There are 2 protein chains.
Amino acid sequence: MLKKAVILVSGGLDSATVLAIAKSQGYECYALSFDYGQRHDSELEAASRLAKIYDVQEHKIIELGMGEFGGSALTDDEINVPTEKATGIPVTYVPARNTVFLSIALGWAEVLSAWDIFIGVNAVDYSGYPDCRQEFINAFENLANLATKAGVEEGGFKIHTPLINLSKAQIIQKGEALNVDYSETVSCYQANTKGEACGECESCRLRQQGFEKAKVQDPTRYQH
Amino acid sequence: MLKKAVILVSGGLDSATVLAIAKSQGYECYALSFDYGQRHDSELEAASRLAKIYDVQEHKIIELGMGEFGGSALTDDEINVPTEKATGIPVTYVPARNTVFLSIALGWAEVLSAWDIFIGVNAVDYSGYPDCRQEFINAFENLANLATKAGVEEGGFKIHTPLINLSKAQIIQKGEALNVDYSETVSCYQANTKGEACGECESCRLRQQGFEKAKVQDPTRYQH
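The rules behind the values
Residues numbered from 1 in each chain as written. Chains lettered and ligands numbered in written order. Predicted model: local features only at pLDDT ≥ 70, side-chain atom pairs only at ≥ 80, totals over all residues. UniProt positions renumbered as here; feature names shortened; annotations may be inferred. Pairing = 2+ DSSP bridges. Helix = DSSP H or I, 4+ residues; strand = E, 2+ residues; numbered from the N terminus. Axes fitted to C-alpha atoms, helices over the stretch in contact; angles between N-to-C directions. Contact = placed C-beta atoms within 7 Å. Buried ≥ 20, exposed ≤ 12 C-beta atoms within 10 Å, placed from the backbone. Nonpolar A, V, L, I, M, F, W, Y, C, P; charged D, E, K, R; others polar. Arc of directions from axis to C-beta. Parallel < 35°, antiparallel > 145°, perpendicular 65-115°, else oblique. Core = buried A, V, L, I, M, F, W, Y, C linked by C-beta atoms within 7 Å. Left-handed = near helix turned anticlockwise from the far one by under 90°. Least-squares fit on C-alpha atoms with pLDDT ≥ 70 in both.

- The name given to chain A in an unreviewed UniProt entry is 7-cyano-7-deazaguanine synthase, with the source organism recorded as Cycloclasticus pugetii.
- A UniProt comment under Catalytic activity (unreviewed entry) is attached to chain A, and it reads "7-carboxy-7-carbaguanine + NH4(+) + 2 ATP = 7-cyano-7-carbaguanine + 2 AMP + 2 diphosphate + 2 H(+)".
- Looking at the Function (unreviewed entry) heading of the UniProt record, one finds this comment for chain A: "Catalyzes the ATP-dependent conversion of 7-carboxy-7-deazaguanine (CDG) to 7-cyano-7-deazaguanine (preQ(0))."

Right under this line is the structure:
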């Protein structure tokens, strides 16, 4: 029997690579996405395309009313998405996002009897986000094994972060080796309804630089 | 300026007592409830009544598609609510529920600049639930201060669990001293649409015994 894994799939470049990695390691994959009032709905369409391409066992999109809280340029219309390189923690930070996403993934994993959860966090390019660091991941893994019936009785929840120490260029090279079709992914914070990227936001800039440094042709569809 | 706190309010006896405690300690209260496909919707109506009674600053009910995962008698129609005293972890356990609830509370707390989160977990009567133990709460508090911009920059998130070591009778006595109107609360796992309790499920039995032992008259409205 295949080992089951829950994979957090946003529809971006990183999570597409993570899904390809989990698949290449022989896991039976359960893809989990969130509709949390993000501006870039086209990400969710990309997530659905990726779930199909990688023939996942099941893809769930969970609605989450977190946009109501405000406090992030990704969900709050009154804060503009920045186009300059930010210092410190960026305003695009969504409060407690990875904590919430991992918690829900944990709930699904327990129901599925899966011990493995994959998340595409990255401490290099996005070092401003506290919930992308190894220290946070370790604390969550510890929590998972205290929080759940399965964790307490049998232990062994594992949070896999195969991208955590890779640069964007290294992620892209890894994905290329696994034949990830990055034209199917959307990273832009303000993609249009066709899934075309703005080319200007921080996420777009990091992605462009990644393709340049990886010496891989950028397949992103841009608005201009 | 009043200190702000996010209070998890399910509408049951425990969370009503917690809300009264937080209010009595001088916090400006923000009540948070979840609509997660629970069978007992009347709990949410009770939560709204309590939010009004305690004049909270804001009450948010967050929709959460966790019922889709199944695996619990509280959200899965194919599992019956047990009426016998269970041994070990009860089947009414919702996977990773408190982890998810606290994570979302943390997100709201960060946006509000609140450091204090109150939750009515109890390790005595519900000792079968792993996410009601002090060890779990400590692990979550640790996570909260690693997971968030505010936690990393300033530290100081605190998870308050004023009921964790109290028996149901002691909780009721504490609530009585604070004039909590328990007729406004719903604990029953299968209350009807009028909010009347079945009197038979484990939650009803623990509540009845609590009133008996506390020598307080039980104001619960029963179906028979």
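Let us keep going from here.
1. Comments concerning the sheet that holds strand S5 (residues 158-160) of chain A
Residues and elements named next belong to chain A.
Item 1. Taken in spatial order, the five strands of this open sheet run S3-S2-S1-S4-S5, and their pairing is parallel. Every other strand in the sheet has two partners, leaving strand S3 (58-63) and S5 as the edge strands with one partner each. On average, each strand axis in the sheet is inclined to that of its neighbour by 25°, with strand direction left out of account.
Item 2. Looking at chain direction, strand S1 (residues 4-8) and strand S2 (residues 28-35) are connected through five bridges and run parallel. Its bridge partner being in S2, Lys4 is matched across the sheet by Glu28.
Item 3. Contacts between helix H1 (residues 13-24) and the sheet are confined to S1, S2 and strand S4 (116-118), with S1 contributing the most and set at about 170° to the helix.

2. Comments concerning the UniProt feature "binding site: Zn(2+)" (unreviewed entry) in chain A
Residues and elements named next belong to chain A.
Item 1. Mapped onto the present numbering, the UniProt feature "binding site: Zn(2+)" (unreviewed entry) falls at Cys188, Cys198, Cys201 and Cys204. Their sequence span is 17 residues, while the largest C-alpha to C-alpha distance among them is just 7.1 Å; these annotated residues converge on one region.
Item 2. Among the secondary structure elements, Cys201 is positioned in the loop between helix H6 (168-177) and helix H7 (202-214).
Item 3. The class for Cys204 is buried, based on 20 C-beta atoms found within 10 Å.
Item 4. Setting aside its immediate chain neighbours within four residues, Cys204 contacts Ser187, Cys188, Ala197, Cys198 and Gly199.

3. Considerations on the interface of chain A and chain B
Item 1. If you look at the interface, chain A gives 36 residues, while chain B gives 36 residues.
Item 2. Elements represented by at least two residues in the side of chain A that touches chain B include exactly S3, helix H3 (97-112), helix H4 (134-147) and helix H5 (149-154) of chain A.
Item 3. Ranked by the residues each element gives to the side of chain A that touches chain B, the list is headed by H3(A), at nine residues.
Item 4. Residues of the side of chain A that touches chain B, tallied by class, amount to 21 nonpolar, eight polar and seven charged.

4. Here's the deal with H6(A)
Residue and element names in this part refer to chain A.
Item 1. Every buried residue belonging to H6 is among Lys168, Ile171, Ile172 and Gly175, and all of these are buried. Viewed along the axis of H6, the buried residues span an arc of 95°, placing them on a single side of the element.
Item 2. Buried-residue contacts for H6 involve H1 and H7.
Item 3. Positioned one or two residues after H6, Asn179 has a phi angle of 60°, which is positive.

5. Describing the packing of H3(A) against helix H3 (residues 97-112) of chain B
Item 1. Remark: H3(A) packs on H3(B), axes separated minimally by 9 Å, with the N-to-C direction vectors making an angle of 170°. As judged from the angle between their axes, H3(A) and H3(B) are roughly antiparallel. Judged by residue contacts, Thr99(A), Val100(A), Ser103(A), Ile104(A), Leu106(A) and Gly107(A) of H3(A) engage Thr99(B), Val100(B), Ser103(B), Ile104(B), Leu106(B) and Gly107(B) from H3(B).
Item 2. Grouping the constituent residues of the contact of H3(A) with H3(B) by class yields six nonpolar, six polar and no charged.

6. What to know about the nonpolar core
Item 1. If you look at the biggest cluster of nonpolar residues, it comprises 134 residues, and the most contacted ones within it are Ile7(A), Ala105(A), Ile7(B) and Ala105(B).
Item 2. Ile7(A) has contacts with Val18(A), Leu19(A), Ala22(A), Cys29(A), Tyr30(A), Ala31(A), Leu32(A) and Phe118(A), leaving out every residue within four places of it along the chain.

7. With respect to the sheet that holds strand S5 (residues 158-160) of chain B
All names here are of chain B.
Item 1. Read across the open sheet, the five strands follow the order S3-S2-S1-S4-S5; overall the sheet is parallel. At either margin of the open sheet sits one strand with a lone partner, and together these are strand S3 (58-63) and S5. Here the strands of the sheet are splayed against their neighbours by 25° on average, with no regard to which way each runs.
Item 2. Note that strand S2 (residues 28-35) and S3 share six bridges and pair parallel. The residue bridging Leu32 from the neighbouring strand is Lys60, located in S3.
Item 3. Sheet strands in contact with helix H2 (residues 42-53) are S2 and S3, and its direction is about 170° off that of S2.

8. What about the packing of H6(A) against H7(A)?
All names here are of chain A.
Item 1. Where H6 contacts H7, the axes come no closer than 8 Å and their chain directions differ by 65°. In this view, H6 runs roughly perpendicular relative to H7, as classed from their interaxial angle. For the crossing formed where H6 meets H7, the hand is right-handed. Between H6 and H7, the residues in contact are Lys168, Ala169, Ile171, Ile172 and Gln173 and Leu206, Arg207, Gln209, Gly210, Phe211, Lys213 and Ala214, respectively.
Item 2. The residue inventory of the contact of H6 with H7, partitioned by class, reads six nonpolar, three polar and three charged.

9. Here's the deal with the relation of the copies chain A and chain B
Item 1. Superposition record for chain A on chain B: RMSD 0.0 Å, screw rotation 180°, translation along axis 0.0 Å. In symmetry terms, the pair is related by a two-fold rotation axis.
Item 2. Taken as a fraction of all interface residues of chain A, those also at the interface in chain B reach 100%, which identifies the copy contact as same-surface.

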